[in-house]
Amino acid sequence: QVQLVESGGGLVQPGGSLRLSCAASGMFSGVYVMAWYRQTPGKQRELVCTITHSGRTNYADSVKGRFTISRDNAKNTFYLQMDSLKPEDTAVYLCNLNIVGTNYWGQGTQVTVSS
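Residues numbered from 1 in each chain as written. Predicted model: local features only at pLDDT ≥ 70, side-chain atom pairs only at ≥ 80, totals over all residues. Heavy atoms only, no water.

**Student:** Got a minute to help me understand the pattern of salt bridges in this structure?
**Tutor:** Side chains that differ in sign of charge can pair as their charged atoms come close. Applying the stated rule across the entire model yields 4 salt bridges. For the salt bridge of Asp-89 with Arg-38, the shortest nitrogen-to-oxygen distance reads 2.9 Å. Of the two residues, Asp-89 is situated in the loop between strand 8 (77-82) and strand 9 (91-99) and Arg-38 in strand 4 (residues 32-39); the sequence distance between them amounts to 51 residues. Each member of the pair Asp-89 and Arg-38 is classed as buried. One salt bridge connects Lys-64 with Asp-61, and the closest N-O pair in it is separated by 3.3 Å. Judged on exposure class, the residue Lys-64 and its partner Asp-61 are both exposed. Salt bridges linked by common partners bring Arg-38, Glu-46, Arg-66 and Asp-89 together as one network. (Salt bridge = Lys/Arg side-chain N within 4 Å of Asp/Glu carboxyl O. Helix = DSSP H or I, 4+ residues; strand = E, 2+ residues; numbered from the N terminus. Buried < 20%, exposed > 50% of the residue type's maximum accessible area, 1.4 Å probe, protein only.)

See the structure below:
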């Protein structure tokens, strides 16, 4: 019922910036938690950050101060602004939306930080 599509990934040099988008199709309202995850081969999936329907945000220690999660309710879109990128940020980034206990996932977008 809800589909999520990530975009904005790509190749960036260390210290650079990227802005990821997660566009949601389908209407939703009420209580929700939207999260950005990242996955690297050989490593456990990592929760990067979250934002709730009320605007409350949380960040993993590894990205705190560098990444910013935000939303545009009018556009049904969530964003992840990534600054001061490091090679260890390289991963497939996925958006996740939890609504009344049901999880919706995007397809993921590749972020590669390399010189």
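**Student:** I would appreciate a short explanation of the sheet that holds strand 8 in the present structure.
**Tutor:** Taken in spatial order, the 4 strands of this open sheet run 1-3-8-7, and their pairing is antiparallel. The outermost strands of the open sheet, each flanked by one partner alone, are strand 1 (3-7) and strand 7 (67-72). Strand after strand, the sheet turns through a mean of 15 degrees between neighbouring axes, direction not considered. As defined by bridge partners, strand 7 adjoins strand 8 across 6 bridges and the pair is classed as antiparallel. Bridge pairing links Thr-68 to Gln-81 in strand 8. (Pairing = 2+ DSSP bridges. Axes fitted to C-alpha atoms, helices over the stretch in contact; angles between N-to-C directions.)

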